[in-house]
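Coordinate inspection notes
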Amino acid sequence: MPKKIEHVPAGKFMTLDEIAQFVADAYTAGASGSDVPTARLSFGGKLQQLSTTVAVE
């Protein structure tokens, strides 16, 4: 069953620290470096959400 890793910012837009935490959580959940995340951006191109799906064995 796949596991979805999803992060939203504490404020309006994601910071580099929040992106780093998303990556750490994804790797902890079993993601590999070749997994492709999806993102939601604001009209101004700022990051508002990151997610990826990890296959759980």
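In this text the structure is predicted, and so the values were computed from the model without any measurement.

Let us now look at the nonpolar core. Counting residues in each nonpolar core, the largest one holds eight residues, listed as I5, M14, F22, A26, A31, L47, L50 and V54. At the level of elements, α1 (16-28) and β3 (47-55) are the ones that each hand at least two residues to this core. Per-element tally for this core: the top contributor is β3, with three residues.

Here the focus is the side chain of S51. With respect to the helices, strands and loops of the structure, S51 is situated in strand β3. Beyond its immediate chain neighbours, meaning those up to four positions away, S51 contacts K4, I5, E6, F22, P37 and T38.

Overall, the coordinates contain one salt bridge when judged by the stated rule. Residue K4 is joined to E6 by a salt bridge in which the shortest nitrogen-to-oxygen separation is 3.6 Å. For K4, a relative accessible area of 55% translates into the label exposed.

Okay, the pairing of strand β2 (residues 38-41) next. The pairing of β2 with β3 spans four bridges and is classified as antiparallel. Bridge pairing links A39 to L50 in β3.

Next up on the list: the sheet that holds strand β1 (residues 2-7). Pairing is antiparallel across the open sheet formed by three strands, whose spatial order is β1-β3-β2. Among the strands making up the open sheet, the edge pair consists of β1 and β2. Adjacent strand axes in the sheet meet at a mean angle of 15° when their direction is disregarded.

To continue, consider α1. Here α1 spans 18 Å end to end across 13 residues, near enough to the 18 Å set by a 1.5 Å rise per residue. Looking only at α1, the buried set comprises E18, F22 and A26. The buried residues of α1 occupy an angular sector of 80° when projected down its axis, which confines them to one face. Facing away from the buried surface of α1 by more than 90 degrees, the exposed residues are L16, D17 and T28. G30 sits one or two residues past α1 and shows a positive phi near 110°.

Reading the values: rules and limits
- Residues numbered from 1 in each chain as written.
- Predicted model: local features only at pLDDT ≥ 70, side-chain atom pairs only at ≥ 80, totals over all residues.
- Heavy atoms only, no water.
- Core = buried A, V, L, I, M, F, W, Y, C linked by side-chain atoms within 4.5 Å.
- Buried < 20%, exposed > 50% of the residue type's maximum accessible area, 1.4 Å probe, protein only.
- Helix = DSSP H or I, 4+ residues; strand = E, 2+ residues; numbered from the N terminus.
- Contact = heavy atoms within 4.5 Å.
- Salt bridge = Lys/Arg side-chain N within 4 Å of Asp/Glu carboxyl O.
- Pairing = 2+ DSSP bridges.
- Axes fitted to C-alpha atoms, helices over the stretch in contact; angles between N-to-C directions.
- Expected span 1.5 Å × (residues − 1).
- Arc of directions from axis to C-beta.

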